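For reference, the chains in residue letters:
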Amino acid sequence: EPDAATGKRRASYTFDHGWHVDSFIGRYISYASAKTDAPHEYHEAAALSILATASPNVRTYLDPWPDGLSTNLYMLMVGGTTASRKSTSLSIARRLMGKIDVDAVLAERMTPEAMVEQLSARPRAGSLLIGDEFGEALDGILRRDGYMSGLRELMLALYGARRFKYMRRSKRIAGGGQQSDIDEINDPHLTILTASTGSIFEVLSSRDVQTGLVPRFAIVYPQHQPPRRSIHERAQGNDENELWLQRYLQSIYLWAHAAGENEREIAVEWTEGALLIADFVGEKIDNEGNEMTSRLGPAAIKLSMLASLSDTAPNSDTITVEERHADQAARVVERWKKDALLFEDEIGGLSAYQRRTEQAIQRTRKLLLSGGGTVARSIVSKSLKLEARELDRLEETMVDRSLIEVYQQEREGSGRRAKMWRLV
């Protein structure tokens, strides 16, 4: 059976992330992993999120996206409860971003109206919605008749919209009439970094994937964790690392927000090789035709821009995306794709292993019914193409559920006694 959502701790745990050790994201992963024993995949997600938040007004214009693509991302980290250290990973990111711009970190719990009010006051500025237990919040967001369902419309629109108008509930005015308040959000730059336990699988359905909100989130679903760190351990030189990260992030922030204050955009130049790589990634995603991974093509474009920003703090009105940046984006997208498919496979409360078990039970019952209620175990093995270990598990499960009884067939001649399964 595969690991639970928490992920098993392994002494041999490694995360070959591919980021240069002296890049912002490479150094952040090193810094955060020295502070907590969370999966390093969480730290990569956090680093990307705060770098995205700090870089509004960076926008690339490519034919499929006439309104342009910015660097903002929606990210969902999935794991167990305490042992996965999701909350710790979020806190490290929140603390660093708060040192750059405390107002950029939005309140974790808010109504649609409150979010609109905050974002309408931050045109051309980066905002980070960061919070734990997204599974609980999502239950209210996805309920079409619930008050919090307005957040679904907001999140869908703000992923890429340049303008968004939100009509508040009508209020009474002097003279007995009613008037609707309209708030307008201009050039928002919203990044979401959130986390959930495996309970999110019980909230979601395949319909929620098809509505488009869930696929907008990059899924980070590590299956293993580093060994447990003692609370007495303290990394040497990590204060210096934190100061470097803070200064680097601040330089990006000041540069990008200065463009916003002057109502300018920062252009993105692509080398031919970088565009070819990004296009190849997008074409592959499109050809696979999976709804859950459909947004990873545009995500590769965003990641390529963030990879460029992670390499060198720019000081002009243009950034350049090179082949190495697009290569790194492709590497991250490939990991996110695997995690998204694993995530999709567990929607509805059943793990991939449980689903395969249920399918095997149904096929075995049909085989037994077609054989008059009794069939040799060896026939089940051949028909379902199961290995001995898998067959043992299936037999044990069906006996525990009182679906079958197992007996040994009487020996005929010198042959071996066959183990038989009979429907109860």
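Residues numbered from 1 in each chain as written. Predicted model: local features only at pLDDT ≥ 70, side-chain atom pairs only at ≥ 80, totals over all residues. Heavy atoms only, no water.

Some words on the overall build of the chain
No. 1: Check the secondary structure of the chain and you find 15 helices and 17 strands.
No. 2: Across the 424 residues that make up the chain, the buried fraction comes to 51%.
No. 3: Counting only contacts in the chain whose residues sit at least 6 apart along the sequence, the fraction spanning at least 24 positions is 74%.
No. 4: Approximately 20600 Å² of the chain is accessible, and the part contributed by carbon and sulfur atoms is 46%. (Helix = DSSP H or I, 4+ residues; strand = E, 2+ residues; numbered from the N terminus. Buried < 20%, exposed > 50% of the residue type's maximum accessible area, 1.4 Å probe, protein only. Contact = heavy atoms within 4.5 Å. Areas by Shrake-Rupley, 256 points an atom, 1.4 Å probe, with all protein chains shown as cover.)

Considerations on the sheet that holds strand β11 (residues 217-220)
Across a sheet, strands are paired by hydrogen bonds formed along the backbone, either parallel or antiparallel in direction.
No. 1: Strand order in the open sheet made by the four strands is β5-β10-β4-β11, with parallel pairing throughout. Each end of this open sheet is capped by a strand with a single partner; those strands are β5 (126-131) and β11. Strand after strand, the sheet turns through a mean of 15° between neighbouring axes, direction not considered.
No. 2: Helix α3 (residues 86-100) rests against β4 (74-78), β5 and β10 (189-196) of the sheet, and its axis sits at about 155° to β5. (Pairing = 2+ DSSP bridges. Axes fitted to C-alpha atoms, helices over the stretch in contact; angles between N-to-C directions.)

Description of the confidence of the model for the chain
No. 1: Of all residues in the chain, 88% attain a pLDDT of 70 or more, and the chain-wide mean is 87.
No. 2: Every residue in residues 1-6 is under pLDDT 50, and counting partners more than four places away or in other chains gives 18 contacts. (pLDDT = per-residue confidence, 0-100.)

Details of the side chain of Thr-364
No. 1: Counting through the fold element by element, Thr-364 comes out in helix α13 (residues 352-370).
No. 2: Residue Thr-364 is classed as buried on the basis of its relative accessible area of 0%.
No. 3: If we skip the residues at most four places from it in the chain, Thr-364 touches Val-380, Leu-384, Leu-394, Met-398 and Trp-421.

Topic: the nonpolar core
No. 1: One finds Tyr-28, Leu-193 and Trp-336 to be the most contacted residues of the largest nonpolar core, which totals 71 residues.
No. 2: Considering each element in turn, this core owes the most residues, nine residues, to helix α11 (residues 296-311).
No. 3: Apart from residues lying up to four places away in sequence, Tyr-28 is in contact with His-43, Ala-46, Ala-47, Ile-50, Ser-89, Ile-92, Ala-93, Leu-96 and Leu-245.
No. 4: Within the second largest apolar cluster, 38 residues are counted, among which are Val-78, Leu-151, Tyr-166 and Tyr-221. (Core = buried A, V, L, I, M, F, W, Y, C linked by side-chain atoms within 4.5 Å.)

Side note on the environment of Arg-228
No. 1: Among the structural elements, Arg-228 can be located in the loop between β12 (224-225) and α9 (238-261).
No. 2: For the pair Arg-228 and Arg-10, spaced 218 residues apart in the sequence, the C-alpha separation amounts to 8.8 Å.

Looking at unusual backbone geometry
No. 1: Positive phi is not limited to glycine here, since Arg-124 has a value of about 60°.
No. 2: With respect to the helices and strands, Arg-124 occurs in the loop between α4 (112-120) and β5.

Some remarks on the sheet that holds strand β17 (residues 419-423)
No. 1: Taken in spatial order, the three strands line up as β15-β17-β16 in an open sheet, and their pairing is antiparallel. For this open sheet the edge positions go to β15 (374-376) and β16 (404-408), each flanked by a neighbour on one side alone. Pairwise comparison of adjacent strand axes, ignoring direction, gives a mean angle of 25° for this sheet.
No. 2: For β16 and β17, the ladder comprises five bridges, and the chain directions are antiparallel. In the strand pairing of β17, Val-406 is matched with Trp-421.
No. 3: The sheet strands contacting helix α14 (residues 377-384) are β15 and β17, and the helix crosses β15 at an angle near 75°.

Some words on α4
No. 1: Those residues of α4 lying buried are Pro-112, Glu-113, Met-115, Val-116 and Leu-119. For α4, the buried positions fall inside an angular range of 160° around the axis, keeping them on one side. (Arc of directions from axis to C-beta.)

Comments concerning the packing of α14 against helix α15 (residues 388-400)
No. 1: Closest axis-to-axis distance for the α14/α15 pair is 11 Å, and the angle between their directions is 115°. Judged by the twist between their axes, the crossing of α14 over α15 is right-handed. When α14 is examined against α15, the residues Arg-377, Val-380, Ser-381 and Leu-384 are found in contact with a partner set consisting of Ala-388, Leu-391, Asp-392, Leu-394 and Glu-395.
No. 2: Of the residues contributing to the contact of α14 with α15, the split by class is five nonpolar, one polar and three charged. (Left-handed = near helix turned anticlockwise from the far one by under 90°. Nonpolar A, V, L, I, M, F, W, Y, C, P; charged D, E, K, R; others polar.)

Concerning the packing of aromatic side chains
No. 1: Applying the stated criterion across every chain yields a total of eight aromatic pairs.
No. 2: On the numbers, 6.1 Å between centres and 65° between planes, the contact of Tyr-28 with Tyr-31 is edge-to-face. Taken together, the positions of Tyr-28 and Tyr-31, both in helix α1 (residues 24-33) and three residues apart, correspond to about one turn of that helix. The exposure classification of Tyr-28 matches that of Tyr-31, with both residues buried.
No. 3: With a centroid separation of 5.0 Å and an interplanar angle of 75°, the aromatic rings of Tyr-74 and Tyr-159 are classed as edge-to-face. On the criterion of sequence distance, the pair formed by Tyr-74 in strand β4 and Tyr-159 in the loop between α6 (150-158) and β6 (163-167) is long-range, its members being 85 residues apart.
No. 4: Residue classification places Tyr-74 among the buried residues on the basis of a relative accessible area of 1%.
No. 5: Classification of Tyr-159 as buried rests on a relative accessible area of 9%.
No. 6: Members of the aromatic cluster, connected to one another through ring pairs, are Phe-24, Tyr-28, Tyr-31, Trp-244 and Tyr-248. (Phe/Tyr/Trp six-rings, centres within 6.5 Å; stacked < 30°, edge-to-face > 60°.)

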